[in-house]
Amino acid sequence: MSRPRRLLTWTLILVLMAAFGVGVNRYLAIGSTTAFAPATKKPTQTNVRLALPGTVYFADGGGLFALTGTHITQLQAEGGGWTQPVLIPGGGGLLAVKVTANYYSDLYELNRSGRVEAQLSHDSGKVTATELGADDWLYYPAVGPGNTLYFSYDWPKGNVGDPAQCCYQVDFSIWETTLGADITRANVQHAAGITQQSWANYYTGGDVSPVPLVGGGLLYVDYEEAYGDTGQLSTPLAGAAESTVVSQIRLDPKPRYNVAGSDGTALTQPQDDCAQPALNPDETEIAMICTPVANGTPSSTESDLVVASFDAATGTLGPLDRIITGTMAASPTWSTDGTDLIYLAPEAGDGYFELWYVKDATTSLAPHAKQVTTDLDLDGSAAVWTS
Amino acid sequence: MSLGRSPGGPRRRRASGFRRIPRVRSILLVLLGFILSGVVGALSFFWPTIITALGATGHGIQVSAPTPSAVPGSPSATPTTVPTSSSPFTVLLMGSDNDGKFTTSSGAPYFCCAQSLILVRVNPAAGAVTMLSIPRDLWVPIYSASGERMSDGKVSEAFGDAGDGSSGANAQIATIEQDFQVTIDHYVWIGLQGLINLIDEVGGIDIVASHPVMDDNYPYDVAGSTNPYAADRVAVLPGAQHLDGVEALQYVRSRHDDLSSDLGRNVRQQQVLVALRQKLSQLSLGDINNLASALSGEVLTDVPLTQFSLLLGISKDVGSGSIQHVYLTQYSPATVNGQDVLEPDMSAIMAVIHQYFPAS
């Protein structure tokens, strides 16, 4: 090989070596960007795997969306703090909660295109930035017969008048008013057209998820001390450590307004740790989320989708049928014909919550869940499913 | 004869040699060049991580051997070996607001305690992980970083009593090893902002919250706060929740409206760790720069850089169902020197600890 050719060859090899080093560097860099790239997309940019009948309204990233077939429409922009959409019965619009993070949340009425029609609550009560106890949380709106509005409100609070003691006890109780009434702390505090429907167990988180029955009465979830010496539990949870908190679904058949202790009847047991009830339209089935409990401690990494028959006339619940297990199921919603369910659960392989569908949830011997949405990370509120 | 040698003779021999031996040498040289080039390329990529990590990792556990214990077969607190791919090892996870935002009466930075103490035993061969939370208010003998018995105190105070950084970690390790007769192979300490950064870096975490976590007096002392005594309102609702770093910290740190108090926090801390593991298991080595950047100045550990890939591999191999959650509840509330503390039932606690952390 001649000297010039050798020189050329070695120069080429050196260039290739340098290129290899740069390549290794870039390869690693590419690896980093793929793993850390956001795995979620805007709902309007995702692929919907399964077309559901009717329209599903849901919240994601502080925005409100409507899913019809495989098409997702944005009703309110993400980042707006929107959550917990519910339907106003009788062909009305939507109610939804708008959260101002770390301060308060308010209830709004929207039409089905997402336009705000009215602000129904005013929960920012503080005058100075440090008066945190003057703000309130309102969540879990639900409309019952006669346009009766139920919601969870963090009142009464403990020791609000004493700054030194202020703000430690903050639990939800369920309140009731007429849809359209002005909801403020003052009106709640003085029962001005707003009445207390349930009394929270202190320091448990309180009472949430009201579900009004057509014939009167209310399903709701209360959180209780499993140890049993201060809460409402009739049967303490075996093996539970002192101060363990569990949930029960309760039925208050005939609301006794402003009567402390109108706790209703427990439909589920402490060891079932059930919450997030969804009643089918003819009120014969309840879907719910129950947490496996071992040695008195509810699981923190698994929650099951459970279905049970329900007799509203007698207020009795049938055996719990755990139809989806081994995942983190949440927020079930019935189809309008009361046969199918949608719920939230992580997509396999990552922790992002997607919408899932179960056909014939009450009759199928081996219910099989199908994933509806992809590349989302849905928030904790149940979707609304309408025809 | 010598005149007969042509000047080109030796050159021919060299040329002949150049064709045979140097060809092999040349190939090796080229291979070496490529390897070196690749190493330089990789080093240049990881350089920011190496610099950051040098400040945070490699702190050895320097704890004196404990005094003989009454517990038969009790383990030694002597620093142990780096984990291999199959041998079980125990890591102490510590989380705290030990960032010196408070000052003493003399104006010096006051370093606080390890608010979260979780022992994690990893058995790579079995694909199993056990997480055991130690309540921060357990009233136990406190040991110094050198293993010297100090006064009694809350178990979490060992970290702050020793000052900051690795000396605090060593004191915390000595206290737990002595009091609970376990061997700690490694530790990881993370600050509040570090946890926020880490969770934000992986895009947040996803959990199912068991009950409403409410607080009207949550300490707003990180994430841009300039007042260590500022407060915020917190409401994490039950059900599916996607939490960013700040929200996740609120979830694990809030306690004012929780009947379960520290037990509730311990449960939520382990829950968040499992959710975080889910996200971290998706990482590759190429992500280490972002990780190091997120944790810069907010983490201390004695886990050497070379073991990160092993830990990442273990994280991927262990499913959530293979993680055992243990919470110590064998105590009773008490008041000591005006402080609300937890009086431990040590015999019952030791039975639990040795069930899950066998003496070696």
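It should be emphasised that the depicted structure is a prediction, and the values quoted were computed from it without experimental measurement.

## Overview of the overall build of chain A
For step 1, the next point in the chain: A count of helical and extended segments in chain A gives 2 helices and 29 strands.
For step 2, the next point in the chain: Looking at chain A as a whole, 49% of its 387 residues are labelled buried.
For step 3, the next point in the chain: Within chain A, contacts between residues separated by at least 24 positions form 48% of all contacts whose residues are at least 6 apart in sequence.

## Quick word on the overall build of chain B
For step 1, the next point in the chain: The secondary structure content of chain B amounts to 9 helices and 16 strands.
For step 2, the next point in the chain: In chain B, the proportion of contacts linking residues at least 24 apart, taken out of those at least 6 apart, comes to 68%.

## Considerations on helix H4 (residues 192-201) of chain B
All names here are of chain B.
For step 1, the next point in the chain: Of all 10 residues making up H4, 8 are buried, and the element is well covered by its neighbours.
For step 2, the next point in the chain: Among all positions of H4, only Leu192, Gln193, Gly194, Leu195, Ile196, Asn197, Leu198 and Ile199 are buried.
For step 3, the next point in the chain: Gly203 lies just past H4 and shows a positive phi near 85°.

## A closer look at the interface of chain A and chain B
For step 1, the next point in the chain: Taken together, the contact between chain A and chain B spans 64 residues of the former and 58 residues of the latter.
For step 2, the next point in the chain: Those elements that place two or more of their residues in the side of chain A that touches chain B are helix H1 (3-36), strand E15 (218-225), strand E16 (245-252), strand E18 (274-279), strand E21 (297-298), strand E25 (330-334) and strand E26 (341-346) of chain A.
For step 3, the next point in the chain: Considered class by class, the residues forming the side of chain A that touches chain B number 34 nonpolar, 23 polar and 7 charged.

## Concerning the sheet that holds strand E3 (residues 71-76) of chain A
Residues and elements named next belong to chain A.
For step 1, the next point in the chain: Taken in spatial order, the 4 strands of this open sheet run E3-E2-E1-E29, and their pairing is antiparallel. Each having just a single partner strand, E3 and strand E29 (384-386) make up the two edges of the open sheet. Looking at each pair of strands side by side, their axes are set apart by 20° on average, direction ignored.

## Concerning the environment of A:Ser387
Residue and element names in this part refer to chain A.
For step 1, the next point in the chain: By secondary structure assignment, the location of Ser387 is in the segment after E29.
For step 2, the next point in the chain: Judged by the 8 C-beta atoms lying within 10 Å of it, Ser387 is exposed.
For step 3, the next point in the chain: On a C-alpha basis, the gap between Ser387 and Ser121 in space is 29 Å, while along the polypeptide they are 266 residues apart.
For step 4, the next point in the chain: Excluding its chain neighbours within four sequence positions, the residues that come into contact with Ser387 are Gly54 and Thr336.

## Examining helix H7 (residues 288-295) of chain B
All names here are of chain B.
For step 1, the next point in the chain: Among the 8 residues that make up H7, 6 are buried, leaving the element largely enclosed by the rest of the structure.
For step 2, the next point in the chain: Along H7, the positions that sit buried rather than exposed are Ile288, Asn289, Leu291, Ala292, Ala294 and Leu295.
For step 3, the next point in the chain: Gly297, located one to two residues past H7, shows a positive phi value of around 75°.

## With respect to the sheet that holds strand E28 (residues 369-371) of chain A
All names here are of chain A.
For step 1, the next point in the chain: Ordered by their spatial adjacency, 4 strands build an open sheet running E25-E26-E27-E28, and the pairing between neighbours is antiparallel. Only two strands of the sheet have a single neighbouring strand rather than two, namely E25 and E28. For this sheet, the mean inter-axis angle between neighbouring strands, taken without regard to orientation, is 30°.
For step 2, the next point in the chain: Of the pairings in the sheet, the one linking strand E27 (residues 353-358) to E28 comprises 3 bridges and is antiparallel in character. If you follow Val358 over to E28, its bridge partner there is Ala369.

## Points about unusual backbone geometry
For step 1, the next point in the chain: In the segment running from A:Trp155 into A:Pro156, the intervening peptide bond is cis, with an omega of 5°.
For step 2, the next point in the chain: Along the chain, the position of A:Pro156 falls in the loop between strand E10 (148-153) and strand E11 (173-178).

## Concerning the environment of B:Asp345
Residues and elements named next belong to chain B.
For step 1, the next point in the chain: Assignment of secondary structure puts Asp345 in the loop between strand E16 (339-344) and helix H9 (346-356).
For step 2, the next point in the chain: Of the residues examined, Asp345 has 14 C-beta atoms within 10 Å and is grouped as partly exposed.
For step 3, the next point in the chain: Separated by 186 residues in the primary sequence, Asp345 and Phe159 place their C-alpha atoms 23 Å from one another.
For step 4, the next point in the chain: Apart from residues lying up to four places away in sequence, Asp345 is in contact with Gln330 and Tyr331.

## Overview of the pairing of strand E10 (residues 213-219) of chain B
Residues and elements named next belong to chain B.
For step 1, the next point in the chain: Across the 7 residues that make up E10, a large majority, 5, are buried.
For step 2, the next point in the chain: Pairing geometry for E10 and strand E11 (residues 231-236), over 5 bridges, is antiparallel. By the bridge assignment for E11, Pro219 is matched with Ala231.

## So, the confidence of the model for chain B
Fine structural detail should not be taken from predicted coordinates in areas where pLDDT scores are low.
Residues and elements named next belong to chain B.
For step 1, the next point in the chain: Averaged over every residue, the pLDDT of chain B is 78; the share at 70 or more is 76%.
For step 2, the next point in the chain: The element-level mean pLDDT for chain B is lowest in strand E3 (residues 109-110), coming to 67, with strand E6 (residues 139-143) highest at 95.
For step 3, the next point in the chain: Contacts of residues 1-10 to residues separated by more than four positions or lying in other chains number 0 contacts, the stretch itself having pLDDT below 50.
For step 4, the next point in the chain: For the stretch residues 61-82, pLDDT sits under 50, and the model shows 45 contacts to residues farther than four places along the chain or on other chains.

## What to know about the environment of A:Ala294
For step 1, the next point in the chain: Examined against the element boundaries, A:Ala294 turns out to sit in strand E20 (residues 293-294).
For step 2, the next point in the chain: Separated by 43 residues in sequence, A:Ala294 and A:Asp337 place their C-alpha atoms 36 Å apart.

## Topic: the packing of H4(B) against H7(B)
Residues and elements named next belong to chain B.
For step 1, the next point in the chain: It is the contact of H4 with H7, at a shortest axis distance of 8 Å, that shows an interaxial angle of 150°. As the angle between them shows, H4 and H7 are arranged roughly antiparallel. Both H4 and H7 take part in a crossing whose hand is right-handed. On H7, the residues that touch Gly194, Asn197, Leu198 and Glu201 of H4 are Asn290, Leu291, Ala294 and Leu295.

## Observations concerning the packing of H4(B) against helix H5 (residues 245-253) of chain B
Residue and element names in this part refer to chain B.
For step 1, the next point in the chain: Between H4 and H5, whose axes approach to 7 Å, the crossing angle comes to 130°. One finds that H4 runs oblique with respect to H5. Where H4 crosses over H5, the two elements pack in a sense that is right-handed. Judged by residue contacts, Leu192, Leu195, Ile196, Asn197, Ile199 and Asp200 of H4 engage Gly245, Val246, Ala248 and Leu249 from H5.
For step 2, the next point in the chain: Here the contact of H4 with H5 is composed, by residue class, of 7 nonpolar, 2 polar and 1 charged.

## Let's talk about the pairing of strand E2 (residues 63-69) of chain A
All names here are of chain A.
For step 1, the next point in the chain: The element E2 is extensively covered by neighbouring structure, given that 5 of its 7 residues are classed as buried.
For step 2, the next point in the chain: Strand direction decides the pairing type here: strand E1 (residues 52-60) and E2, joined by 7 bridges, are antiparallel. Pairing of Ala59 across the sheet is with Leu64, part of E2.
For step 3, the next point in the chain: The antiparallel hairpin formed by E1 and E2 contains 2 residues in its connecting segment, where Gly61 sits at a positive phi of about 60°.
For step 4, the next point in the chain: With 5 bridges joining them, E2 and E3 adopt antiparallel strand pairing. Bridged to Phe65 within E3 is Gln74.
For step 5, the next point in the chain: Here E2 hands over to E3 after 1 residue, the two strands then running antiparallel side by side.

Reading guide: rules and limits
- Residues numbered from 1 in each chain as written.
- Chains lettered and ligands numbered in written order.
- Predicted model: local features only at pLDDT ≥ 70, side-chain atom pairs only at ≥ 80, totals over all residues.
- Helix = DSSP H or I, 4+ residues; strand = E, 2+ residues; numbered from the N terminus.
- Buried ≥ 20, exposed ≤ 12 C-beta atoms within 10 Å, placed from the backbone.
- Contact = placed C-beta atoms within 7 Å.
- Nonpolar A, V, L, I, M, F, W, Y, C, P; charged D, E, K, R; others polar.
- Pairing = 2+ DSSP bridges.
- Axes fitted to C-alpha atoms, helices over the stretch in contact; angles between N-to-C directions.
- pLDDT = per-residue confidence, 0-100.
- Parallel < 35°, antiparallel > 145°, perpendicular 65-115°, else oblique.
- Left-handed = near helix turned anticlockwise from the far one by under 90°.

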